[in-house]
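# Remarks on the overall topology
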Amino acid sequence: MFSRGGAVRSLIDLVMQHTKNEVWLVSHSSMDHLAEKIIERCHLARTNESQHFRRNVIWKRIVRWDHFADGFPNIFIDDVKEMAGKDVMFLASFHSPAVIFEQMSVLFAIPRYLARSFHIILPYFATGTMERIDKEGQVATAKTLATLLSTVPLTARGPPQLLIFDIHALQERFYFGENIIPRLTSAIPLVKRELDILGHKDWCVAFPDEGATKRFASHFGDTAIITCNKIRKNGDRIIKIRGGE
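Notes on the structure in this doc start here. (Residues numbered from 1 in each chain as written. Predicted model: local features only at pLDDT ≥ 70, side-chain atom pairs only at ≥ 80, totals over all residues. Heavy atoms only, no water.)

### Things to note about the sheet that holds strand E7 (residues 161-165)
What the six strands build is an open sheet, ordered E2-E1-E5-E6-E7-E8; its pairing is parallel. The open sheet has two edge strands, strand E2 (56-59) and strand E8 (181-185), and neither has a second partner. Strand-to-strand twist across the sheet, computed as the mean angle between neighbouring axes with direction ignored, equals 20°. Inspection of the sheet shows strand E1 (residues 22-27) paired to strand E5 (residues 87-91) by five bridges, in the parallel sense. Counted as the bridge partner of Ser 27 is Leu 91 from E5. Along the sheet face, helix H2 (residues 32-48) touches E1, E2 and E5 and points at about 155° away from the line of E2. The sheet strands contacting helix H3 (residues 97-112) are E5 and strand E6 (117-121), and the helix crosses E5 at an angle near 175°. (Pairing = 2+ DSSP bridges. Helix = DSSP H or I, 4+ residues; strand = E, 2+ residues; numbered from the N terminus. Axes fitted to C-alpha atoms, helices over the stretch in contact; angles between N-to-C directions. Contact = heavy atoms within 4.5 Å.)

Right under this line is the structure:
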């Protein structure tokens, strides 16, 4: 929904908000392209601004994401003795069930190597839309994944923090346990900023359902709003458009 450049800017704000010297950025192999962009922007920021107010962000490509012949992960983390006392961030992607287990294995390992603090950046909470059940027998997998993430070990500074963009429902923050701190943020301000830069006055914003309209429409002021209402009839799903005047 938002540009890769906007995502990079938002993640940079997160990794550079403190004043101490060094933070390690570790990434899953599927997120290496984004990690590289973050490091480039961080170095540019340190060049253009006083280094006293910017962290030295180091991209540590220390995880070997190998697999055994049967497909199970064969993971090795280099330089673990140097991790003690470091602030570590992990750029994750749960885009497929096939990659969740290998990343969870690393998430469990990093605090045990005495990381000073641990931030997990998970831009997309993949099971977020399955957050409730309509009849007995359904499984709310959003709760399952939240429970799994809540078992990541504590660090020297306490619970790890989990950053998620635009989680499907805000009440999902309460699905997580006491051993992790979910930080729910939004990319909507980035979308609004990009639209303002374009300068068009005749655009409108479409939301996929009533819930999204109630949650985000206030960000767009007097802009025309379209809501796509889903109606189920005889097993079919019909989309009706409302608004846009």
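### Considerations on H2
Given a rise of 1.5 Å per residue, 17 residues ought to cover 24 Å, and the 24 Å separating the end C-alpha atoms of H2 matches this to within 8%. Looking at H2, one finds that the buried residues are Asp 32, Leu 34, Ala 35, Ile 38, Ile 39, Cys 42, Ala 45 and Arg 46. Down the axis of H2, the smallest arc covering the buried residues is 155°, so these residues share one side. Across from the buried face of H2, at angles greater than 90 degrees, the exposed residues are Thr 47 and Asn 48. (Expected span 1.5 Å × (residues − 1). Buried < 20%, exposed > 50% of the residue type's maximum accessible area, 1.4 Å probe, protein only. Arc of directions from axis to C-beta.)

### Focus: the pairing of strand E11 (residues 236-243)
Pairing analysis gives eight bridges linking strand E10 (residues 224-233) to E11, with the strands arranged antiparallel. Across the sheet, residue Arg 232 finds its bridge partner in E11, namely Arg 237.

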